[in-house]
Amino acid sequence: MKKSELQQQAIALKRIPLVSQIYTKWYQVGERAFAFFSKREAKRIHKDLLQTVYLRRGAGRHEAVTAASDLDFFLVLSTVPSELEMEFLKNFWVKYHKWRILFPFWGEVLMGDHNELKNWLKTPTIRAYEARFSWKVLFGKDFIREWNISTLPDARDAFSEALKHYWDLLQPVLKLREEAFHQQLQEYQYGAIHLRNATKAAIDIMRMHATVFIKNKAELESLWAPGRLQFLQSLNLGKFEIKANEIENILLLKPPLFSAEPFSLFSKLVNHSIHLLDEIADYLQNRSEEMIDSDWTVNYNSIPEAKDPYSLSVRQLFAERMLLRHQNIIERCILSESTTHMYFPLSSSPSLADTETLLKDLRDVSFSFDRFSVAMPLTKKTFHELEKTSLLDTPFHSFYGHEEIYLSDSLNLETKTYVSPITRLPKQVILKSFAELSFVLRFQPVNLEHFLEKMVALVLGLRLANEHKEISTDFFETLKSYGQRYPKRVEHLKAKIAPYLKAQFEEEEKMWSLVFDLIGQYQNSVPERASCIKAQMETLRRKNRELPESKTLSTDIWINLTPFLRMEMNTMKDRFFEERPELRI
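How each quantity is defined
- Residues numbered from 1 in each chain as written.
- Predicted model: local features only at pLDDT ≥ 70, side-chain atom pairs only at ≥ 80, totals over all residues.
- Heavy atoms only, no water.
- Pairing = 2+ DSSP bridges.
- Helix = DSSP H or I, 4+ residues; strand = E, 2+ residues; numbered from the N terminus.
- Axes fitted to C-alpha atoms, helices over the stretch in contact; angles between N-to-C directions.
- Contact = heavy atoms within 4.5 Å.
- Parallel < 35°, antiparallel > 145°, perpendicular 65-115°, else oblique.
- Left-handed = near helix turned anticlockwise from the far one by under 90°.
- Nonpolar A, V, L, I, M, F, W, Y, C, P; charged D, E, K, R; others polar.
- Patch = residues over 30% accessible without salt bridge, like charges linked within 9 Å, V, L, I, M, F, W, Y side chains within 5 Å.
- Areas by Shrake-Rupley, 256 points an atom, 1.4 Å probe, with all protein chains shown as cover.
- Salt bridge = Lys/Arg side-chain N within 4 Å of Asp/Glu carboxyl O.
- Buried < 20%, exposed > 50% of the residue type's maximum accessible area, 1.4 Å probe, protein only.

K.L.:
Outline the sheet that holds strand β6 (residues 332-336), listing residues and values.
P.N.:
One open sheet holds the five strands; their spatial order is β8-β7-β6-β9-β10, and the pairing between them is mixed. Only two strands of the sheet have a single neighbouring strand rather than two, namely β8 (375-379) and β10 (413-417). The sheet shows a mean angle of 20 degrees between the axes of neighbouring strands, direction not considered. Sheet topology places strand β9 (residues 402-407) next to β10; five bridges connect them, and they run antiparallel. Across the sheet, residue Leu407 finds its bridge partner in β10, namely Leu413. Across the sheet, helix α16 (residues 380-389) lies against β6, β7 (342-346) and β8, angled at about 110 degrees from β8, the strand it touches most.

Have a look at this one:
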(Lines give C-alpha, C1' and ligand atoms only; values in the text may rest on other atoms or scores of the structure.)
Protein backbone atom coordinates (compact mmCIF):
# COMPACT_ATOMS: atom_id res chain seq x y z
CA MET A 1 0.00 0.00 0.00
CA LYS A 2 1.31 3.49 -0.87
CA LYS A 3 2.26 5.89 1.91
CA SER A 4 -0.43 8.37 0.80
CA GLU A 5 -3.11 5.68 1.13
CA LEU A 6 -1.85 4.76 4.61
CA GLN A 7 -1.99 8.43 5.58
CA GLN A 8 -5.57 8.76 4.40
CA GLN A 9 -6.66 5.74 6.42
CA ALA A 10 -4.73 6.86 9.49
CA ILE A 11 -6.15 10.40 9.43
CA ALA A 12 -9.68 9.05 8.95
CA LEU A 13 -9.26 6.78 11.99
CA LYS A 14 -7.99 9.72 14.07
CA ARG A 15 -11.56 10.93 14.42
CA ILE A 16 -12.00 8.15 16.99
CA PRO A 17 -10.66 9.65 20.28
CA LEU A 18 -8.97 6.45 21.48
CA VAL A 19 -7.20 6.01 18.13
CA SER A 20 -5.98 9.61 18.27
CA GLN A 21 -4.39 8.93 21.65
CA ILE A 22 -2.78 5.75 20.29
CA TYR A 23 -1.25 7.74 17.41
CA THR A 24 0.20 10.27 19.83
CA LYS A 25 1.84 7.45 21.81
CA TRP A 26 3.01 5.79 18.58
CA TYR A 27 4.87 8.95 17.56
CA GLN A 28 6.45 9.22 21.01
CA VAL A 29 7.57 5.59 20.81
CA GLY A 30 8.84 6.28 17.26
CA GLU A 31 11.14 9.03 18.55
CA ARG A 32 12.63 6.78 21.24
CA ALA A 33 12.84 3.82 18.85
CA PHE A 34 14.88 5.85 16.35
CA ALA A 35 17.35 6.89 19.05
CA PHE A 36 17.66 3.27 20.22
CA PHE A 37 18.07 1.94 16.68
CA SER A 38 20.74 4.54 15.78
CA LYS A 39 22.76 3.92 18.98
CA ARG A 40 22.65 0.16 18.49
CA GLU A 41 23.81 0.27 14.86
CA ALA A 42 26.57 2.75 15.63
CA LYS A 43 27.92 0.69 18.56
CA ARG A 44 28.21 -2.36 16.33
CA ILE A 45 30.80 -0.45 14.30
CA HIS A 46 32.54 1.70 16.92
CA LYS A 47 31.60 2.34 20.54
CA ASP A 48 31.92 6.14 20.24
CA LEU A 49 30.70 6.58 16.66
CA LEU A 50 27.36 8.23 17.52
CA GLN A 51 27.52 11.40 19.63
CA THR A 52 24.04 12.93 19.34
CA VAL A 53 20.59 12.24 17.89
CA TYR A 54 18.47 15.30 17.10
CA LEU A 55 14.79 15.48 16.22
CA ARG A 56 14.45 18.44 13.86
CA ARG A 57 12.13 20.74 11.92
CA GLY A 58 8.37 20.62 12.62
CA ALA A 59 8.47 17.83 15.18
CA GLY A 60 11.25 19.64 17.05
CA ARG A 61 8.87 22.60 17.40
CA HIS A 62 6.07 20.31 18.64
CA GLU A 63 3.90 21.17 15.62
CA ALA A 64 3.81 17.75 13.96
CA VAL A 65 0.31 16.48 13.14
CA THR A 66 0.10 12.77 13.88
CA ALA A 67 -0.61 10.57 10.85
CA ALA A 68 0.22 13.48 8.50
CA SER A 69 3.70 14.66 9.54
CA ASP A 70 7.06 12.91 9.25
CA LEU A 71 9.76 12.89 11.92
CA ASP A 72 13.10 14.19 10.60
CA PHE A 73 16.41 13.52 12.36
CA PHE A 74 20.09 14.49 12.41
CA LEU A 75 22.90 12.22 13.63
CA VAL A 76 26.16 13.75 14.88
CA LEU A 77 28.94 11.25 14.20
CA SER A 78 32.53 10.99 15.44
CA THR A 79 35.31 11.28 12.89
CA VAL A 80 36.32 7.71 12.07
CA PRO A 81 38.16 6.11 9.13
CA SER A 82 36.05 6.02 5.97
CA GLU A 83 35.74 2.22 5.84
CA LEU A 84 34.12 2.20 9.30
CA GLU A 85 31.74 5.00 8.45
CA MET A 86 30.70 3.40 5.14
CA GLU A 87 30.12 0.08 6.92
CA PHE A 88 27.86 1.91 9.38
CA LEU A 89 25.99 3.74 6.63
CA LYS A 90 25.36 0.58 4.62
CA ASN A 91 24.00 -1.29 7.66
CA PHE A 92 22.08 1.74 8.89
CA TRP A 93 20.16 2.36 5.66
CA VAL A 94 19.34 -1.32 5.05
CA LYS A 95 17.86 -1.68 8.53
CA TYR A 96 16.31 1.80 8.54
CA HIS A 97 14.00 0.79 5.69
CA LYS A 98 12.97 -2.33 7.63
CA TRP A 99 12.22 -0.31 10.78
CA ARG A 100 10.07 2.07 8.73
CA ILE A 101 7.56 -0.76 8.32
CA LEU A 102 6.83 -0.25 12.04
CA PHE A 103 7.26 3.54 11.94
CA PRO A 104 6.28 4.74 8.45
CA PHE A 105 6.41 8.36 9.67
CA TRP A 106 10.22 8.27 10.01
CA GLY A 107 11.37 10.85 7.49
CA GLU A 108 14.64 12.43 6.32
CA VAL A 109 17.83 11.53 8.21
CA LEU A 110 20.89 13.75 7.77
CA MET A 111 24.32 13.01 9.26
CA GLY A 112 27.57 14.85 9.84
CA ASP A 113 30.44 14.99 12.30
CA HIS A 114 30.58 17.79 14.89
CA ASN A 115 33.06 19.78 12.76
CA GLU A 116 30.73 19.69 9.77
CA LEU A 117 27.77 20.61 11.95
CA LYS A 118 29.64 23.57 13.46
CA ASN A 119 30.73 24.85 10.04
CA TRP A 120 27.19 24.54 8.75
CA LEU A 121 25.74 26.40 11.75
CA LYS A 122 28.11 29.29 10.97
CA THR A 123 26.83 29.68 7.42
CA PRO A 124 24.28 32.52 7.01
CA THR A 125 21.48 30.16 6.02
CA ILE A 126 17.86 29.82 7.12
CA ARG A 127 18.09 26.13 8.04
CA ALA A 128 21.21 26.66 10.16
CA TYR A 129 19.70 29.67 11.94
CA GLU A 130 16.41 27.97 12.81
CA ALA A 131 18.13 24.84 14.21
CA ARG A 132 18.30 26.28 17.73
CA PHE A 133 14.53 26.85 17.65
CA SER A 134 13.45 23.60 16.02
CA TRP A 135 15.99 20.88 16.94
CA LYS A 136 15.46 18.74 20.05
CA VAL A 137 18.00 16.31 21.55
CA LEU A 138 16.84 12.69 21.78
CA PHE A 139 20.23 11.32 22.83
CA GLY A 140 23.68 12.66 23.61
CA LYS A 141 25.28 16.09 23.87
CA ASP A 142 23.42 19.23 22.79
CA PHE A 143 26.11 20.84 20.62
CA ILE A 144 23.77 23.53 19.28
CA ARG A 145 22.95 25.02 22.69
CA GLU A 146 26.53 24.57 23.93
CA TRP A 147 28.06 26.44 20.99
CA ASN A 148 25.29 29.09 20.93
CA ILE A 149 26.08 30.07 17.34
CA SER A 150 23.58 32.60 15.99
CA THR A 151 24.78 33.63 12.54
CA LEU A 152 21.98 35.66 11.00
CA PRO A 153 20.49 34.31 7.75
CA ASP A 154 21.33 36.11 4.52
CA ALA A 155 18.65 37.44 2.16
CA ARG A 156 20.04 35.34 -0.69
CA ASP A 157 19.41 32.14 1.23
CA ALA A 158 15.95 33.28 2.36
CA PHE A 159 15.14 33.82 -1.32
CA SER A 160 16.46 30.38 -2.26
CA GLU A 161 14.37 28.70 0.45
CA ALA A 162 11.30 30.72 -0.57
CA LEU A 163 11.67 29.49 -4.15
CA LYS A 164 11.69 25.88 -2.99
CA HIS A 165 8.58 26.51 -0.92
CA TYR A 166 6.97 28.11 -3.97
CA TRP A 167 7.52 24.84 -5.85
CA ASP A 168 5.91 23.00 -2.91
CA LEU A 169 2.95 25.39 -3.06
CA LEU A 170 2.44 25.09 -6.81
CA GLN A 171 2.75 21.33 -7.15
CA PRO A 172 -0.53 20.32 -5.43
CA VAL A 173 -2.34 23.44 -6.66
CA LEU A 174 -1.55 22.55 -10.28
CA LYS A 175 -1.54 18.76 -10.03
CA LEU A 176 -4.71 17.95 -8.10
CA ARG A 177 -7.79 17.09 -10.13
CA GLU A 178 -10.93 19.20 -10.13
CA GLU A 179 -12.62 17.26 -7.35
CA ALA A 180 -9.84 18.18 -4.95
CA PHE A 181 -10.92 21.81 -5.14
CA HIS A 182 -14.57 21.91 -6.11
CA GLN A 183 -16.02 19.30 -3.77
CA GLN A 184 -16.12 19.54 0.00
CA LEU A 185 -12.85 17.91 1.07
CA GLN A 186 -12.61 15.63 4.07
CA GLU A 187 -9.52 16.01 6.23
CA TYR A 188 -8.37 12.45 5.46
CA GLN A 189 -8.61 12.61 1.66
CA TYR A 190 -5.62 12.64 -0.65
CA GLY A 191 -6.23 16.23 -1.72
CA ALA A 192 -6.45 17.56 1.82
CA ILE A 193 -3.08 16.09 2.83
CA HIS A 194 -1.35 17.69 -0.15
CA LEU A 195 -3.14 21.01 0.21
CA ARG A 196 -1.91 21.09 3.81
CA ASN A 197 1.65 20.85 2.46
CA ALA A 198 0.87 23.72 0.06
CA THR A 199 -0.46 25.79 2.97
CA LYS A 200 2.69 25.15 5.00
CA ALA A 201 4.78 26.25 2.00
CA ALA A 202 2.81 29.49 1.61
CA ILE A 203 3.32 30.34 5.30
CA ASP A 204 7.04 29.55 5.01
CA ILE A 205 7.33 31.99 2.08
CA MET A 206 5.78 34.68 4.27
CA ARG A 207 8.34 33.96 7.00
CA MET A 208 11.23 34.06 4.49
CA HIS A 209 10.02 37.43 3.21
CA ALA A 210 9.80 38.86 6.72
CA THR A 211 13.30 37.57 7.46
CA VAL A 212 14.78 39.58 4.57
CA PHE A 213 13.39 42.90 5.81
CA ILE A 214 13.95 42.49 9.57
CA LYS A 215 17.37 43.73 10.67
CA ASN A 216 16.91 43.65 14.44
CA LYS A 217 18.29 40.46 16.05
CA ALA A 218 15.63 40.33 18.78
CA GLU A 219 12.82 40.76 16.24
CA LEU A 220 14.29 38.00 14.10
CA GLU A 221 14.35 35.60 17.05
CA SER A 222 10.69 36.38 17.82
CA LEU A 223 9.92 35.68 14.15
CA TRP A 224 11.52 32.21 14.17
CA ALA A 225 10.76 30.99 17.69
CA PRO A 226 7.01 30.28 17.16
CA GLY A 227 5.55 27.51 15.01
CA ARG A 228 3.70 28.16 11.77
CA LEU A 229 0.28 28.60 13.35
CA GLN A 230 1.48 31.18 15.91
CA PHE A 231 3.44 33.01 13.21
CA LEU A 232 0.39 33.05 10.92
CA GLN A 233 -1.82 34.48 13.64
CA SER A 234 0.61 37.39 14.11
CA LEU A 235 0.40 38.48 10.46
CA ASN A 236 -1.81 41.11 8.86
CA LEU A 237 -2.86 39.59 5.52
CA GLY A 238 -5.71 41.99 4.83
CA LYS A 239 -4.19 43.65 1.76
CA PHE A 240 -4.04 40.24 0.06
CA GLU A 241 -7.66 39.46 0.99
CA ILE A 242 -6.53 36.50 3.12
CA LYS A 243 -7.60 35.82 6.69
CA ALA A 244 -5.54 33.67 9.03
CA ASN A 245 -8.61 31.74 10.20
CA GLU A 246 -9.28 30.69 6.58
CA ILE A 247 -6.20 28.47 6.55
CA GLU A 248 -5.80 27.41 10.19
CA ASN A 249 -7.99 24.31 9.89
CA ILE A 250 -6.24 22.99 6.76
CA LEU A 251 -2.91 23.49 8.56
CA LEU A 252 -4.14 21.36 11.48
CA LEU A 253 -6.28 19.02 9.31
CA LYS A 254 -9.35 19.85 11.40
CA PRO A 255 -12.84 19.83 9.87
CA PRO A 256 -14.25 21.92 8.34
CA LEU A 257 -11.12 22.43 6.30
CA PHE A 258 -12.31 25.48 4.36
CA SER A 259 -14.63 28.36 5.12
CA ALA A 260 -14.30 29.65 1.53
CA GLU A 261 -13.96 28.12 -1.95
CA PRO A 262 -10.57 26.31 -1.86
CA PHE A 263 -9.27 27.15 -5.34
CA SER A 264 -9.99 30.83 -4.79
CA LEU A 265 -8.08 30.68 -1.49
CA PHE A 266 -5.03 29.02 -3.04
CA SER A 267 -5.08 31.49 -5.93
CA LYS A 268 -4.72 34.22 -3.30
CA LEU A 269 -1.84 32.35 -1.66
CA VAL A 270 -0.04 31.91 -5.01
CA ASN A 271 -0.63 35.56 -5.94
CA HIS A 272 0.64 36.66 -2.53
CA SER A 273 3.74 34.46 -2.95
CA ILE A 274 4.54 35.89 -6.41
CA HIS A 275 4.45 39.39 -4.91
CA LEU A 276 6.66 38.42 -1.96
CA LEU A 277 9.24 36.71 -4.20
CA ASP A 278 9.32 39.76 -6.45
CA GLU A 279 9.95 42.06 -3.48
CA ILE A 280 12.84 39.87 -2.28
CA ALA A 281 14.28 39.75 -5.82
CA ASP A 282 14.04 43.54 -6.07
CA TYR A 283 15.89 43.85 -2.75
CA LEU A 284 18.65 41.52 -3.97
CA GLN A 285 19.09 43.43 -7.22
CA ASN A 286 19.50 46.70 -5.35
CA ARG A 287 22.02 45.60 -2.73
CA SER A 288 25.71 44.83 -3.07
CA GLU A 289 26.69 41.18 -2.68
CA GLU A 290 30.07 39.52 -2.46
CA MET A 291 30.41 38.00 -5.92
CA ILE A 292 32.92 35.58 -7.33
CA ASP A 293 35.66 37.87 -8.61
CA SER A 294 35.73 36.90 -12.29
CA ASP A 295 33.38 35.80 -15.02
CA TRP A 296 32.34 32.18 -15.27
CA THR A 297 32.50 29.92 -18.27
CA VAL A 298 29.49 27.66 -18.81
CA ASN A 299 30.27 24.42 -20.64
CA TYR A 300 27.12 23.23 -22.32
CA ASN A 301 26.98 19.56 -23.19
CA SER A 302 29.16 18.98 -26.26
CA ILE A 303 27.39 15.68 -27.04
CA PRO A 304 23.83 16.01 -28.38
CA GLU A 305 21.62 14.51 -25.72
CA ALA A 306 18.71 12.28 -26.69
CA LYS A 307 15.52 13.99 -25.54
CA ASP A 308 12.05 12.66 -25.09
CA PRO A 309 10.50 14.08 -28.28
CA TYR A 310 6.91 13.54 -27.17
CA SER A 311 7.29 15.19 -23.77
CA LEU A 312 9.16 18.16 -25.17
CA SER A 313 6.80 18.61 -28.11
CA VAL A 314 3.69 18.57 -25.93
CA ARG A 315 5.20 21.02 -23.46
CA GLN A 316 6.23 23.30 -26.34
CA LEU A 317 2.67 23.36 -27.66
CA PHE A 318 1.34 23.99 -24.17
CA ALA A 319 3.79 26.88 -23.68
CA GLU A 320 2.84 28.40 -27.04
CA ARG A 321 -0.85 28.38 -26.13
CA MET A 322 -0.10 29.98 -22.77
CA LEU A 323 1.88 32.74 -24.50
CA LEU A 324 -0.94 33.44 -26.93
CA ARG A 325 -3.64 33.41 -24.25
CA HIS A 326 -1.73 35.53 -21.71
CA GLN A 327 0.54 37.74 -23.81
CA ASN A 328 -0.46 40.72 -21.68
CA ILE A 329 1.52 39.33 -18.73
CA ILE A 330 3.70 36.43 -19.99
CA GLU A 331 6.82 37.55 -21.87
CA ARG A 332 8.32 34.14 -22.67
CA CYS A 333 8.58 30.54 -21.48
CA ILE A 334 11.71 28.61 -20.48
CA LEU A 335 11.42 24.82 -20.77
CA SER A 336 13.86 22.63 -18.85
CA GLU A 337 14.55 19.19 -20.28
CA SER A 338 16.55 18.06 -17.22
CA THR A 339 14.01 18.95 -14.53
CA THR A 340 10.95 19.11 -16.89
CA HIS A 341 9.91 22.35 -15.17
CA MET A 342 8.42 25.23 -17.16
CA TYR A 343 9.19 28.80 -16.15
CA PHE A 344 6.83 31.61 -17.18
CA PRO A 345 8.54 34.99 -16.48
CA LEU A 346 5.87 37.66 -16.07
CA SER A 347 6.27 41.30 -17.06
CA SER A 348 5.20 42.41 -13.56
CA SER A 349 3.47 41.12 -10.44
CA PRO A 350 0.01 40.01 -11.62
CA SER A 351 -3.35 41.00 -10.21
CA LEU A 352 -5.37 38.41 -8.31
CA ALA A 353 -7.74 38.07 -11.28
CA ASP A 354 -4.83 37.46 -13.68
CA THR A 355 -3.31 34.92 -11.29
CA GLU A 356 -6.55 32.98 -10.95
CA THR A 357 -7.05 32.87 -14.74
CA LEU A 358 -3.43 31.85 -15.25
CA LEU A 359 -3.64 29.04 -12.68
CA LYS A 360 -6.86 27.68 -14.21
CA ASP A 361 -5.17 27.37 -17.59
CA LEU A 362 -2.02 25.86 -16.10
CA ARG A 363 -4.10 23.33 -14.17
CA ASP A 364 -5.99 22.18 -17.26
CA VAL A 365 -3.03 20.13 -18.48
CA SER A 366 -0.41 20.18 -15.72
CA PHE A 367 -1.61 16.99 -14.06
CA SER A 368 -0.95 15.17 -17.37
CA PHE A 369 2.78 15.88 -17.16
CA ASP A 370 5.48 14.14 -15.17
CA ARG A 371 4.63 14.20 -11.44
CA PHE A 372 7.60 16.48 -10.67
CA SER A 373 7.08 18.77 -13.66
CA VAL A 374 5.68 22.09 -12.48
CA ALA A 375 4.84 25.24 -14.43
CA MET A 376 6.17 28.17 -12.43
CA PRO A 377 4.77 31.67 -13.06
CA LEU A 378 7.10 34.27 -11.52
CA THR A 379 8.19 37.81 -12.33
CA LYS A 380 11.19 38.39 -14.59
CA LYS A 381 13.14 39.85 -11.65
CA THR A 382 12.47 36.68 -9.65
CA PHE A 383 13.56 34.48 -12.55
CA HIS A 384 16.79 36.48 -12.95
CA GLU A 385 17.67 36.01 -9.27
CA LEU A 386 16.62 32.35 -9.45
CA GLU A 387 19.42 31.73 -11.94
CA LYS A 388 22.02 33.14 -9.56
CA THR A 389 20.67 31.31 -6.55
CA SER A 390 20.01 27.86 -7.95
CA LEU A 391 22.67 27.47 -10.60
CA LEU A 392 24.37 24.54 -8.86
CA ASP A 393 21.20 23.09 -7.35
CA THR A 394 20.60 20.70 -10.24
CA PRO A 395 17.54 18.87 -8.90
CA PHE A 396 15.68 22.18 -8.95
CA HIS A 397 17.27 24.27 -11.68
CA SER A 398 20.30 24.07 -13.97
CA PHE A 399 21.60 25.38 -17.28
CA TYR A 400 21.31 22.04 -19.01
CA GLY A 401 18.77 21.51 -21.81
CA HIS A 402 16.73 24.74 -21.71
CA GLU A 403 14.62 26.06 -24.56
CA GLU A 404 13.09 29.51 -24.79
CA ILE A 405 9.75 30.17 -26.51
CA TYR A 406 8.66 33.74 -27.11
CA LEU A 407 6.52 35.97 -29.31
CA SER A 408 8.54 37.98 -31.80
CA ASP A 409 7.80 41.62 -32.66
CA SER A 410 5.71 40.35 -35.57
CA LEU A 411 3.77 38.12 -33.11
CA ASN A 412 5.24 34.93 -34.53
CA LEU A 413 6.12 32.16 -32.09
CA GLU A 414 9.88 31.59 -31.97
CA THR A 415 11.93 28.86 -30.28
CA LYS A 416 15.64 28.92 -29.49
CA THR A 417 18.14 27.34 -27.11
CA TYR A 418 18.18 29.36 -23.93
CA VAL A 419 21.61 30.59 -22.84
CA SER A 420 21.60 32.22 -19.42
CA PRO A 421 23.25 35.64 -19.13
CA ILE A 422 24.47 34.87 -15.60
CA THR A 423 28.29 34.78 -15.48
CA ARG A 424 28.97 35.85 -11.87
CA LEU A 425 27.64 34.13 -8.77
CA PRO A 426 27.22 35.21 -5.14
CA LYS A 427 29.98 33.59 -3.09
CA GLN A 428 27.47 32.41 -0.50
CA VAL A 429 25.82 30.08 -3.05
CA ILE A 430 29.10 28.15 -3.30
CA LEU A 431 29.75 28.13 0.47
CA LYS A 432 26.30 26.75 1.24
CA SER A 433 26.92 23.89 -1.20
CA PHE A 434 30.27 23.14 0.47
CA ALA A 435 28.66 23.09 3.91
CA GLU A 436 25.65 20.91 3.08
CA LEU A 437 26.93 18.43 0.53
CA SER A 438 28.74 16.26 3.07
CA PHE A 439 25.38 15.60 4.75
CA VAL A 440 23.85 14.57 1.43
CA LEU A 441 26.75 12.24 0.56
CA ARG A 442 25.69 10.07 3.49
CA PHE A 443 22.31 9.44 1.87
CA GLN A 444 21.97 6.03 0.29
CA PRO A 445 21.36 6.87 -3.40
CA VAL A 446 17.99 6.14 -4.94
CA ASN A 447 19.60 4.64 -8.03
CA LEU A 448 22.89 4.63 -9.92
CA GLU A 449 21.89 7.44 -12.26
CA HIS A 450 20.93 9.61 -9.27
CA PHE A 451 24.35 9.06 -7.69
CA LEU A 452 26.33 9.78 -10.86
CA GLU A 453 24.28 12.71 -12.12
CA LYS A 454 23.59 14.42 -8.80
CA MET A 455 26.28 13.43 -6.29
CA VAL A 456 29.41 12.91 -8.39
CA ALA A 457 28.72 15.70 -10.87
CA LEU A 458 27.95 18.20 -8.12
CA VAL A 459 31.11 17.48 -6.09
CA LEU A 460 33.39 17.61 -9.13
CA GLY A 461 31.46 20.59 -10.47
CA LEU A 462 32.07 22.53 -7.25
CA ARG A 463 35.81 21.96 -7.64
CA LEU A 464 35.72 23.28 -11.21
CA ALA A 465 33.48 26.18 -10.25
CA ASN A 466 35.59 27.29 -7.30
CA GLU A 467 39.07 26.88 -8.73
CA HIS A 468 38.59 27.39 -12.45
CA LYS A 469 35.46 29.58 -12.67
CA GLU A 470 33.89 26.96 -14.88
CA ILE A 471 30.45 25.38 -14.71
CA SER A 472 29.64 22.13 -16.48
CA THR A 473 26.04 21.31 -17.09
CA ASP A 474 25.91 17.51 -17.01
CA PHE A 475 27.75 14.45 -15.75
CA PHE A 476 29.76 13.64 -18.89
CA GLU A 477 30.88 17.21 -19.50
CA THR A 478 31.86 17.56 -15.82
CA LEU A 479 33.93 14.36 -15.95
CA LYS A 480 35.62 15.54 -19.15
CA SER A 481 36.55 18.96 -17.73
CA TYR A 482 37.67 17.47 -14.41
CA GLY A 483 39.82 14.94 -16.26
CA GLN A 484 41.63 17.65 -18.21
CA ARG A 485 42.84 19.17 -14.95
CA TYR A 486 43.17 16.09 -12.75
CA PRO A 487 43.94 13.15 -15.08
CA LYS A 488 45.08 10.71 -12.39
CA ARG A 489 41.97 11.26 -10.32
CA VAL A 490 39.63 10.85 -13.26
CA GLU A 491 41.34 7.55 -14.11
CA HIS A 492 40.48 6.37 -10.61
CA LEU A 493 36.87 7.48 -11.02
CA LYS A 494 36.48 5.83 -14.40
CA ALA A 495 37.93 2.57 -13.08
CA LYS A 496 35.35 2.57 -10.29
CA ILE A 497 32.44 3.55 -12.53
CA ALA A 498 33.14 1.40 -15.60
CA PRO A 499 32.01 -2.00 -14.19
CA TYR A 500 28.56 -0.57 -13.44
CA LEU A 501 27.84 0.88 -16.87
CA LYS A 502 26.56 -1.12 -19.83
CA ALA A 503 29.41 0.13 -21.99
CA GLN A 504 32.37 2.44 -21.73
CA PHE A 505 30.59 5.74 -22.18
CA GLU A 506 33.36 7.27 -24.35
CA GLU A 507 33.13 4.40 -26.84
CA GLU A 508 29.35 4.53 -26.62
CA GLU A 509 29.23 8.24 -27.44
CA LYS A 510 31.71 7.85 -30.32
CA MET A 511 29.54 5.12 -31.83
CA TRP A 512 26.35 7.21 -31.60
CA SER A 513 28.17 10.25 -32.96
CA LEU A 514 29.11 8.24 -36.05
CA VAL A 515 25.52 7.01 -36.43
CA PHE A 516 24.05 10.53 -36.34
CA ASP A 517 26.78 11.90 -38.64
CA LEU A 518 25.88 9.21 -41.17
CA ILE A 519 22.17 10.02 -40.94
CA GLY A 520 23.03 13.70 -41.35
CA GLN A 521 24.60 13.00 -44.76
CA TYR A 522 21.14 12.05 -46.08
CA GLN A 523 19.32 14.97 -44.48
CA ASN A 524 19.30 17.02 -47.70
CA SER A 525 18.64 14.23 -50.21
CA VAL A 526 15.89 12.36 -48.32
CA PRO A 527 14.95 14.67 -45.41
CA GLU A 528 11.71 12.96 -44.37
CA ARG A 529 13.20 9.48 -44.24
CA ALA A 530 16.37 10.72 -42.55
CA SER A 531 14.31 12.49 -39.85
CA CYS A 532 12.26 9.36 -39.26
CA ILE A 533 15.34 7.18 -38.86
CA LYS A 534 17.00 9.76 -36.64
CA ALA A 535 13.98 9.75 -34.31
CA GLN A 536 14.08 5.94 -34.17
CA MET A 537 17.81 5.98 -33.39
CA GLU A 538 17.35 8.61 -30.65
CA THR A 539 14.73 6.40 -29.00
CA LEU A 540 17.04 3.38 -29.21
CA ARG A 541 19.95 5.38 -27.82
CA ARG A 542 17.88 6.64 -24.93
CA LYS A 543 16.72 3.12 -24.02
CA ASN A 544 20.26 1.83 -24.29
CA ARG A 545 21.51 4.48 -21.90
CA GLU A 546 18.91 3.74 -19.27
CA LEU A 547 20.77 2.28 -16.32
CA PRO A 548 19.40 -0.84 -14.64
CA GLU A 549 17.26 -0.21 -11.57
CA SER A 550 19.36 -2.08 -9.06
CA LYS A 551 19.83 -0.98 -5.47
CA THR A 552 22.79 -3.33 -5.23
CA LEU A 553 24.62 -1.54 -8.04
CA SER A 554 23.98 1.92 -6.66
CA THR A 555 25.00 0.84 -3.14
CA ASP A 556 28.21 -0.76 -4.39
CA ILE A 557 29.39 2.28 -6.31
CA TRP A 558 28.28 4.58 -3.47
CA ILE A 559 30.49 2.63 -1.03
CA ASN A 560 33.41 2.66 -3.44
CA LEU A 561 33.27 6.32 -4.41
CA THR A 562 31.95 8.20 -1.39
CA PRO A 563 35.25 8.25 0.57
CA PHE A 564 36.94 9.82 -2.46
CA LEU A 565 34.14 12.38 -2.82
CA ARG A 566 34.26 13.21 0.90
CA MET A 567 38.03 13.82 0.66
CA GLU A 568 37.41 16.02 -2.38
CA MET A 569 34.84 18.03 -0.44
CA ASN A 570 37.08 18.37 2.63
CA THR A 571 39.95 19.65 0.48
CA MET A 572 37.73 22.49 -0.70
CA LYS A 573 36.19 23.14 2.71
CA ASP A 574 39.61 23.51 4.36
CA ARG A 575 39.98 26.77 2.42
CA PHE A 576 36.79 28.32 3.74
CA PHE A 577 35.89 26.93 7.16
CA GLU A 578 37.59 27.23 10.53
CA GLU A 579 36.55 23.82 11.86
CA ARG A 580 38.51 21.07 10.13
CA PRO A 581 38.01 17.32 10.51
CA GLU A 582 40.88 15.03 11.38
CA LEU A 583 42.93 13.88 8.42
CA ARG A 584 41.70 10.29 8.20
CA ILE A 585 41.33 8.12 5.13
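K.L.:
Describe the packing of helix α7 (residues 155-175) against helix α9 (residues 190-213), with residues and values.
P.N.:
Running from amino to carboxyl end, α7 crosses α9 at an angle of 160 degrees, the nearest separation of the two axes being 8 Å. Taken together, the axes of α7 and α9 lie roughly antiparallel to each other. Crossing geometry of α7 relative to α9 is assigned as left-handed. Contact with α7, carried on its side by Ala155, Ala158, Glu161, Ala162, His165, Tyr166, Asp168, Leu169 and Pro172, involves His194, Leu195, Ala198, Ala201, Ala202, Asp204, Ile205, Met208 and Val212 of α9 and no other residues of that element. Considering only residue class, the contact of α7 with α9 consists of 13 nonpolar, two polar and three charged.

K.L.:
Tell me about a nonpolar patch on the surface, and please be specific about residues and values.
P.N.:
Nonpolar side chains collect at one region of the surface, where Leu13, Ile16, Leu18 and Ile22 lie side by side and expose about 380 Å² of accessible area between them. You can see Leu18 is positioned in helix α2 (residues 17-45). A relative accessible area of 57% means that Leu18 is categorised as exposed.

K.L.:
Hey, could you go over the pairing of strand β3 (residues 106-113) for me, with residue numbers and the actual values?
P.N.:
When you tally the buried positions in β3, you get seven out of eight residues, the bulk of the element. Sheet analysis places strand β2 (residues 71-77) next to β3, joined by six bridges and oriented parallel. What sits directly across from Leu75, in β3, is Met111.

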